[in-house]
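Residue-level structure breakdown
Each chain is listed here by its residues.
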Amino acid sequence: MSSRTTSFQKRFLPAVMAACAAGSLAAPTLAQDNMQMLEEVIVTGVRSAQETAVNVKRDSDSIVDAISAEDIGKLPDVTITDSLQRISGVQVRRNAGEGGSLNIRGLGQVSTTLNGESYLGANSITTVQPDYSDIPSQLFSGTQVIKSQTAANHPGGISGVVNLETYRPLDSGFDDGWALSGAAQVGRGKETGETDPSVNFLANWRTDTVGFLVSFAHQTSNLANTYSGMNGDAGWTGFASERDGAEYSWVSADTQLGGMGDRVTADGVDVNDNGVVGDTFWAYQGHSAFNRASERERDGLNAAFQADLGNGFELVAEAFYTKMEDYDRQMGVAFSDKWNRWGWAYPSISTPKGVEMSGGELHTVQEFTGNGMRLKSYSDVGVTEAESQNFNLELNYDNGGAFTGSARLVSGSAEQEQLNSYMDIDLANGSQWGVDCQLYPAGTAGEQGDCADGRLQTNPDGYQGWPVLTVNYQGDNPHWSGWDNNANLNRDGQPQAGIASRSLQSYVDDVNSYSLGAFASENNFLREGDVDVVRFDGSYEIARGMLDSVDFGVRYSQRSVDNFEFDLLSPVGGCDVKWKATDVVLNGGGIEGACTYGEDGEYYTAGVPTPISGLDPIQVSDFGSATGIPPVWTVNPEYMDDVEGVHNQLYPGTRRAINPGRSYGVDLDEMSTYVKANFSRGIMSGNVGVRVVETDLTVDQNQVGSPQPYGAANEFLGQVSTERSYSDVLPSLNLRFDLTDEWVLRAAATKTMAPLDLAQWGAGLAPNYAIDGEASSDTYQQFIVIGGNSDGNPELDPWRADNYDLSLEYYLGPASALSAGLFYIDVESFIESGSVQMALPDQDGVVRREVEVSTSVQGSGGELKGLELSAKLAFGDFLYDSVLEDFGADVNYTYSPSESGNQDLNGGDLPFQDNSEHVFNLVGWYESGPFQARVAYNYRSERVAGYNQTWGNGALWQEATGYVDLSASYDINDAVNVFLNASNITDEKEQYYLEFEDQFAWQYEYEARYSLGVRATF
């Protein structure tokens, strides 16, 4: 717990306890939220769950949708996010096949509350967008999505609020005495073949006035997916131009994308500064495919005490704890030109698009053929540990009089640490980039082959040429070919004198052809966050005229985060090195005063040639639907699970070194007050109110200076603190018209505000570097700046928007309802990804060039508008004595067009990032006697995943996706049932393209998963 949290407790805990003792204020805290006057009910069965969700929507005083558990510890889907995607307007993104982050109506600025108040999750320490992948779903009785807020909702969501509900001991569904419920299941993935256990347990004891509850869940999952497509990222993706008549006439990516040095065509023709030499093509830095396995363990605990103290007082105390360990392991193959030619591979199949780019007509490329400098395998592991604790203490008062009230103290803390390690494993012998005979420290050197005494071949059994491979993206899946080609051709495609012809396939098959080329751990982080809230709420019944009651309250919150990002530096000859690579020469990199390591005027390299045969080698052959790729050898990524341990094993003395440009701290203090009037007359009812929020923002950033050699972060020059204050007045109006007993018309107008992701305020400058491969350059073979990221801007404003809603609802049975709604969101302070040109130093500290730096910029705003249609139908409500009376459906559709202000290459408007224009859910269910079954389909149309400022002046799109899940259960008796769950049974793929559908970028494939279990309740 930080000192700030301790200060908070000293200041406010006595006040809260005094309020509890005096009993001056108390009432259910949820009384100020939409659904909070509803009685909790423990439901069983899919029909009962749907009936509860319908009642939540019908009885709320604003626009709300809900998901309820079908049984204790059983939400409709495997994860919370997967369940929420069934609600109209909710869009989710999958992580390793499971639901991860979500947005509402196309915006990710969504507040999360736990039982009506702030919740700090370990996966959302710095962000606003929810990610519930670390939380076991069995701990929750249900969730609500609040789409139109009231003045009593504390601010934090632009397009909505997700409220997570846990069980409480005095819930009406629990009888007096003991109630016990538990489940055990085993899961299995279609590809992983691992058996994953999962257990959950709930114990509740209660009388009429007091109760204790404890709920525990443990989940283990091994998730598989595969990748194939572009190698690298936006920084390596750009355009290349072709001079008419030249067979290989590609040039570097244009300067906006970080081109460097003199740009020369392959036949030696100089190109002018504008790069106008003919047609223009997309040029990927390389191509790759990998197999990814994610091993996750989740633990969750919820404990609650609830007591009726008499005289209208109720005490509630709760603790909610989560912990997750995630090992994300990748094994793959990549073919590239090692960041040297900036525009790799001849476009053997391409299509003109009639769009001018970089001085020529743009062509999309469907097949790349080229003599890449480097064929490698690689191994990567990312280890994430996440932990959170959230505590709630509330005293509620309701003695049947006109006044009710509550006092509440919430305190939460969370920590997330992520370390990664990767190995680049070369099949080339290193002569291609001049490291075939390097100088190494005594004890590792010796005469070998053509190398002089004291030098060592980097990879003596590797191939010695520039092999030609072809990657074709025309069909449904990528296809690689050319493995039988001679791997020892020279750069012009001719056999090299004195070197035997040998196929690339023969090298790939031989484990002795693989040697460790690079070893590093970078972009690690440790994030710690705290949130503390104290609030007092009251309500007074007036019942005069059309005014029913007045709600009012005050809330003070402190939120803080410390983000420490670091790399692992290892001592090599007394020099601190991040990139332990065979091509990193310890000569100082041209940086004055830098540490060097060598003898007799020559310098050693940071990486020691290491055959992988002694590093737990493993052969990987599963690259999903990508075809033509033979099995390749790599290092088992489990070898690196202990990231710091394995780096210290190979390089003793490895330590954490701060990356100051990416480390920051943010404190966000809010004081808010609200008043809300509840009224009714005739068929009309509603509420009108206003919340005033005063915010104090403190951002601590680090100034960075010159870069350090061998990949180390820029030097730390000191800390800069920025303090800001801003105010928001947030009015709200919610109207309800009960046209008949079945028809309800609603209208709402609200002003919303949400803080930015804290990294958008706090993160600093982080330059990116690469080796200059231009032989004519003054910095040839030195690390030069190619771009950067500057995500933090403390002068950015928070998200603000005006929201308008209109909905019509028809309730045709206890578990059946139809609804149609229109929404309009006018975002006035739109934050978007942008870029600026900045003059930055190369690694020797000299400024030679301007490069593009990605950053957050203040946009001009944007609009979201659309239509939501929903039908929850239990056919037995209206089709009596029909063959369909045991069937039901939950169907919804969302139409959500948007305009972001960004444009595609044809000048057309692009939608908000991550917003799909069409979302469709279809759930069909059957319940009769002891048997029930459910099948669910979720469709999401294409979405923009990145704007053209980031992706080579072309927008990155994800194609439409459709996921199918199913579940079934059978009641053996009143206490015990068995169940089966299946997710993604169609093995859905996520495919991405750049600007045009025939410019394939990459694809992810997720496995189908199945689980079988037994549940018992007594």
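Just so you know, these numbers come straight off a predicted model, no measurement behind them.

1. Concerning the overall build of the chain
Along the chain, the regular secondary structure elements total 6 helices and 55 strands. Taking all 1018 residues of the chain together, 60% fall into the buried category. Sequence-distant contacts, at least 24 apart, represent 72% of the contacts inside the chain between residues at least 6 apart. Summed over all atoms, the accessible surface of the chain reaches about 36,500 Å², with 50% contributed by carbon and sulfur.

2. Concerning the pairing of strand E21 (residues 468-472)
The element E21 is extensively covered by neighbouring structure, given that 4 of its 5 residues are classed as buried. In terms of strand pairing, strand E16 (residues 360-371) meets E21 through 5 bridges, oriented antiparallel. Counterpart to Gly370 in the pairing with E21 is Leu469. Pairing of E21 with strand E22 (residues 479-481), which is carried by 3 bridges, proceeds in the antiparallel orientation. Considered in E22, the bridge of Val471 is made with Trp480. Counting the residues between successive antiparallel strands, the hairpin from E21 to E22 contains 6 residues.

3. Regarding the pairing of strand E52 (residues 976-983)
Within E52, 6 of the 8 residues are buried, which leaves the element mostly enclosed by the surrounding structure. Once strand E51 (residues 961-971) ends, the chain turns through 4 residues before running back antiparallel as E52. Here E52 pairs with strand E55 (residues 1009-1017) via 8 bridges, running antiparallel. The residue of E55 that forms the bridge with Asn977 is Arg1015.

4. Re the confidence of the model for the chain
Here the chain averages 84 in pLDDT, while 87% of its residues score no lower than 70. Of the regions scoring below 50 in pLDDT, residues 1-42 engages in 112 contacts with residues more than four places distant in sequence or in other chains. Ignoring residues within four places in sequence, the model shows residues 241-277, a span with pLDDT below 50, making 100 contacts including any to other chains.

5. Points about a nonpolar patch on the surface
Taken together, the side chains of Phe878, Leu879, Val883, Leu884 and Phe887 present a nonpolar region at the surface, about 420 Å² in accessible area. Relative to the helices and strands, Val883 is located in the loop between strand E44 (862-874) and strand E45 (887-895).

6. Observations concerning helix H5 (residues 643-650)
The complete set of buried residues in H5 reads Val643, Val646 and His647. Looking down the long axis of H5, one finds its buried residues gathered within 100° of arc, a one-sided arrangement.

7. Quick word on the packing of aromatic side chains
Inspection of the entire model under this criterion finds 26 aromatic pairs. Seen from their ring centres, Tyr227 and Trp1002 are 6.2 Å apart, and the 35° between their planes marks the pair as tilted. Separated by 775 residues along the polypeptide, Tyr227 in strand E10 (residues 210-230) and Trp1002 in strand E54 (residues 1000-1006) bring together distant segments of the chain. Look at Phe368 and Tyr473: their rings are 6.3 Å apart centre to centre, the planes differ by 75°, and that puts the pair in the edge-to-face class. Placement of Phe368 in strand E16 and of Tyr473 in the loop between E21 and E22 is noted, with a sequence separation of 105 residues between them. With a relative accessible area of 0%, Phe368 lands in the buried category. Residue classification places Tyr473 among the buried residues on the basis of a relative accessible area of 5%. Pairwise contacts between aromatic rings join Tyr227, Phe290, Tyr992, Trp1002, Tyr1004 and Tyr1006 into one cluster. Directly above the aromatic system of Tyr507 lies the positively charged group of Arg502, at a separation of 3.8 Å from the ring centroid. The ring of Tyr651 carries the charged tip of Lys580 above its face, separated from the ring centre by 5.7 Å.

8. Examining the environment of Ile683
Within the secondary structure, Ile683 is located in the loop between strand E34 (664-681) and strand E35 (684-704). Other than its neighbours up to four places away in sequence, Ile683 contacts Arg736, Phe737, Asp738 and Leu739.

9. Side note on the sheet that holds strand E7 (residues 160-166)
Sheet architecture is open: 5 strands sit in the order E1-E6-E7-E4-E5, paired in mixed fashion. The open sheet has two free edges, formed respectively by strand E1 (64-68) and strand E5 (117-118), since each of these has just one partner strand. The pairing of strand E4 (residues 110-114) with E5 spans 2 bridges and is classified as antiparallel. Note that in E5 the partner of Thr113 across the bridge is Ser118. Strands in contact with helix H2 (residues 46-59) are E1 and strand E6 (140-146); relative to E1, the strand with the most contacts, it is inclined by about 160°.

10. Some points on unusual backbone geometry
The phi dihedral of Ala543 falls on the positive side, at around 50°, and the residue is not glycine. Mapping Ala543 onto the fold places it in strand E24 (residues 524-544). Judged by relative accessible area, which is 64%, Ala543 ranks as exposed. With a phi angle near 55°, Asp616 is a residue other than glycine that sits in the positive phi range. Here Asp616 falls in the partly exposed class, since its relative accessible area comes to 38%.

11. Some points on the pattern of salt bridges
With the rule as written, the count across this model stands at 46 salt bridges. Salt-bridge contacts for Asp890 lead to Lys872; the nearest nitrogen and oxygen are separated by 2.8 Å. Of this pair, Asp890 sits in strand E45 while Lys872 is found in strand E44, placing the two residues 18 residues apart along the sequence. When its relative accessible area of 9% is taken as the criterion, Asp890 is described as buried. On the basis of relative accessibility, which here comes to 12%, the residue Lys872 falls in the buried class.

12. Quick word on a negative patch on the surface
On the surface, a cluster of negative charge is made up of Glu385, Glu415, Glu528 and Asp562. Within the element layout of this structure, Glu415 appears in strand E18 (residues 403-426).

13. Considering the side chain of Ser124
Here Ser124 is to be found in the loop between E5 and E6. Residue contacts for Ser124: discarding those within four places in its chain leaves Gln129, Pro130, Asp131 and Arg559.

14. A word on the side chain of Thr226
Take Thr226: it is sitting in strand E10. In this structure Thr226 touches Phe290, Asn291, Asp622, Phe623, Gly624, Gln1003, Tyr1004 and Glu1005, once residues within four positions along its chain are discounted.

15. Remarks on the environment of Phe623
Mapped onto the elements of the fold, Phe623 is located in the loop between strand E31 (617-620) and strand E32 (632-635). Placed 397 residues apart in sequence, Phe623 and Thr226 show a C-alpha to C-alpha distance of 5.8 Å. Those residues within four positions of Phe623 in sequence are excluded, and the remaining contacts are Thr226, Ala289, Phe290, Met331, Gly332, Val333, Ile629, Pro630, Val632 and Glu1005.

What counts, and at which threshold
Residues numbered from 1 in each chain as written. Predicted model: local features only at pLDDT ≥ 70, side-chain atom pairs only at ≥ 80, totals over all residues. Heavy atoms only, no water. Helix = DSSP H or I, 4+ residues; strand = E, 2+ residues; numbered from the N terminus. Buried < 20%, exposed > 50% of the residue type's maximum accessible area, 1.4 Å probe, protein only. Contact = heavy atoms within 4.5 Å. Areas by Shrake-Rupley, 256 points an atom, 1.4 Å probe, with all protein chains shown as cover. Pairing = 2+ DSSP bridges. pLDDT = per-residue confidence, 0-100. Patch = residues over 30% accessible without salt bridge, like charges linked within 9 Å, V, L, I, M, F, W, Y side chains within 5 Å. Salt bridge = Lys/Arg side-chain N within 4 Å of Asp/Glu carboxyl O. Arc of directions from axis to C-beta. Phe/Tyr/Trp six-rings, centres within 6.5 Å; stacked < 30°, edge-to-face > 60°. Lys NZ or Arg CZ within 6 Å of the ring centre and 35° of its normal. Axes fitted to C-alpha atoms, helices over the stretch in contact; angles between N-to-C directions. Lys, Arg positive; Asp, Glu negative; His and termini not counted. Charge placed at Lys NZ, Arg CZ, Asp CG, Glu CD.

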